[in-house]
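Structural overview for review
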Amino acid sequence: CSSLTHFQKNMTQSNNPSSLETQTLFMCCNCDRALGTLRCTQCKDAWYCSKNCQLANWKSTHKAECKSIAAEKKLAEAIDLDHVEQKVKQEQKEFNEKVRAQQTIDTPQDITQSKLSVPQQFPNGEFPCGELHAYYDHRRARYSSEEARERERAQDFEMRLKSAREAAEVHRQARAWLQKEAAPGKRLIDLVEGLESRVRFLSEAKFPESGTAFATGCSVNEVAAHYTPNPGDFKTLQKDDVVKFDFGVQRNGVIIDSAWSMCWNNKYQPLLDAVREATNEGIKTAGVGVRLYDVGCAIQEVMESHEVELDGKMFQVQCIENLNGHNLGPYHIHDSKIVPIVRRDFEMNVRMEEMEFFAIETFGSIRGEGYVEEVGECSHFMINYQKNEHFPRNKAARKFYEQIQKNFGTLCWCPRYMERLGVTGYEKALNYLLRDDIVNAYPPLSDIPGSYTAQYEHTLCLRPTCKEVLSRGDDY
């Protein structure tokens, strides 16, 4: 589910991929206001704008971390990256072979027809792991670090990782159903309701333990995100449509957020391929201690190296500059960090941290402006969990707020969900909650009419020893 950043259009310093290749900027690690020109001579990982800032940062935080970074780099010099990657892949293979061998499958020819929920398929409580990758640079030493492995065995983290793997398996099996059903002529409302029904069955949905994490997005063509049909909306897929399916699954508040695009006219396939490649580049770049700025630069460089031919004209694939990935918190689809998909010359020192969960998602556009704005009827709503006090003064609004809390908490919901619960006549109460900033509305986000947009997204976890792309499947 995309994160919208509100900033003026064309704030990125450059949309030219070649300029990204030659410019690498580092902000001062102390003041975060000026470009760093001085570098720590021991770890070579921190930059400063002045001697005063370097001294201040050394006393406050860097002294404690500098020696460990330098030691990690020295150890990594003796480790072959390809060898580490092979060991990681072998770990993934052996673990999944063991788990799959114990899986109960009632429909081996077609998993989309299974009458067993995911917990029933894996009765011992172990679920397949995602795609594992070693960290790059000096971070590859983490795989053989006993200290890192000890942190990975911490009970709280093990439980979160197990919940994430269960939710990811639900996501894979549910989307297999949708990929089989989606076709021109099908009504979007039937597809998303069928998908959500499948998620509820596979996850044994019961809030707050498990179920859907947000309303299923099925944005078409120039609409890039945040569209799902409201009751009475019977829009159908067309042969020339490019549709983005974006849905989430949660288990114990741990969210798997993943998305992909589909088209039925091959002339749009190069757009999908470009966005998918850019997402994979973002995943490749991600890691513990990596600046989010560098992830955005890597994504933009790959995305905008592609061109698509439409009607005899060539169009460069543009990153949609005000859409981003994000980190994920317990029952929070958008937590405190954004993952840009373009070069951003602000907040340059914000880094990915160990044990964080991230949604790496990219959006590409052709024949558009590479920028989205809110357009059309809203279908996505969510409690403003950044607001400290939630006490609606209006009685009807307070009652409706209690219903939201009971059924969704801080997760995103849509009017179709209220209809399924039999909740009606809440429009006035909802307007009170929106006015008081207790609930936020997330209208559809669209590039200009006539453009085409695509999206790919995966959820990954930055484990202490390696990174795990939890939502990866054989499909994308």
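For the structure given in this document, a descriptive report is provided here. (Residues numbered from 1 in each chain as written. Predicted model: local features only at pLDDT ≥ 70, side-chain atom pairs only at ≥ 80, totals over all residues. Heavy atoms only, no water.)

**Side note on the overall build of the protein**
To be explicit about the condition: Elements are defined by DSSP. Helices are runs of H or I of four residues or more, strands are runs of E of two residues or more, and each kind is numbered from the N terminus. Throughout, the radius of gyration refers to the C-alpha atoms, and the reference size of a globule is 2.2 Å times the residue count to the power 0.38. Working rule for contacts: check all heavy atoms of both residues, and any pair within 4.5 Å makes them a contact. By the counting scheme adopted, Arg and Lys are positive, Glu and Asp are negative, and His together with the chain ends is not counted. The location of each charge is read from NZ of Lys, CZ of Arg, CG of Asp or CD of Glu.
Looking only at helices and strands, one finds 12 helices and 20 strands in the protein. The globule rule puts the C-alpha radius of gyration for 476 residues at 23 Å, and the 23 Å found for the protein is close to it. Contacts spanning at least 24 positions in sequence make up 74% of the contacts within the protein whose residues lie at least 6 apart. A gap of 4 Å separates the mean positions of the 60 positive and 69 negative side-chain charges of the protein.

**A closer look at the pattern of salt bridges**
The cut-off we apply is this: One speaks of a salt bridge when a side-chain nitrogen belonging to Lys or Arg is within 4 Å of a carboxyl oxygen belonging to Asp or Glu. Exposure classes here rest on a 1.4 Å probe applied to the protein chains alone. A residue is buried below 20% of its type maximum, exposed above 50%, and partly exposed in between.
Tallied over the entire structure, the rule returns 27 salt bridges. Two residues, Arg472 and Glu131, come together in a salt bridge whose shortest N-O distance is 3.0 Å. Of this pair, Arg472 sits in the segment after strand 20 (467–469) while Glu131 is found in strand 4 (residues 131–133), placing the two residues 341 residues apart along the sequence. The pair Arg472 / Glu131 is uniform in exposure class, with both members buried. When the shortest N-O distance is used, the salt bridge between Asp311 and Lys267 registers 3.7 Å. Within this pair, whereas Asp311 is found in the loop between strand 9 (307–310) and strand 10 (313–316), its partner Lys267 is found in the loop between strand 8 (254–263) and helix 8 (269–285), the two being separated by 44 residues in sequence. One network of salt bridges, with partners in common, ties together Glu91, Glu152, Arg165, Arg463 and Glu468.

**Remarks on the sheet that holds strand 18 (residues 445–446)**
To keep it simple, the criterion reads: When DSSP finds two or more bridges between a pair of strands, those strands are recorded as paired.
With antiparallel pairing, the 3 strands of this open sheet are ordered in space as 6-18-15. Of all the strands in the sheet, the pair left with one neighbour each is strand 6 (223–225) and strand 15 (373–374). Across 2 bridges, strand 6 lies against strand 18 in antiparallel orientation. Note that in strand 18 the partner of Val223 across the bridge is Ser446.

**With respect to the layout of surface pockets**
Using the following cut-off: A cavity here means a set of points on a 1 Å grid, drawn over the protein atoms and nothing else, where a 1.4 Å probe fits but cannot get out; a pocket is an open set with protein on both sides within 12 Å along at least five of seven lines, and a residue lines either one if it has an atom within 4 Å of a point. Grid points are joined across faces, edges and corners, and a volume is the space filled by probe spheres set on the points. Charged residues are taken to be Asp, Glu, Lys and Arg, nonpolar residues to be Ala, Val, Leu, Ile, Met, Phe, Trp, Tyr, Cys and Pro, and polar residues to be all remaining types, Gly included.
Roughly 840 Å³ of internal volume is contained in the largest pocket. For the lining of the largest pocket, the secondary-structure elements that each account for two or more residues are helix 2 (51–77) and helix 5 (146–152). If you tally residues by element for the lining of the largest pocket, the top one is helix 2, at 9 residues. Partitioning the lining of the largest pocket into residue classes produces 10 nonpolar, 8 polar and 10 charged.

**Things to note about unusual backbone geometry**
The omega torsion across Phe207 and Pro208 is 10°, close enough to zero to call that bond cis. Its location among the elements puts Pro208 in the loop between helix 7 (188–203) and strand 5 (210–220). One non-glycine residue, Asn221, adopts positive backbone phi at about 60°. Of note, Asn221 is situated in the loop between strand 5 and strand 6. You will see that Met355, though not glycine, has its phi angle at about 75°, which is positive. Tracing the sequence through the fold places Met355 in the loop between strand 13 (338–339) and strand 14 (357–366).

**A closer look at the nonpolar core**
Defined as follows: Here, nonpolar core means buried Ala, Val, Leu, Ile, Met, Phe, Trp, Tyr and Cys residues that are tied together by side-chain atoms lying within 4.5 Å of each other.
Ranked by size, the top nonpolar core spans 92 residues in total, and within it Phe245 and Leu271 carry the most contacts. At 9 residues, the largest contribution of residues to this core is made by helix 6 (residues 155–181). Setting aside its immediate chain neighbours within four residues, Phe245 contacts Leu178, Ala182, Leu191, Gly217, Cys218, Ser258, Ala259, Trp260 and Met262. In terms of nonpolar packing, the next biggest core, distinct from the first, is built from 20 residues, Ala215, Tyr401, Tyr417 and Val439 among them.

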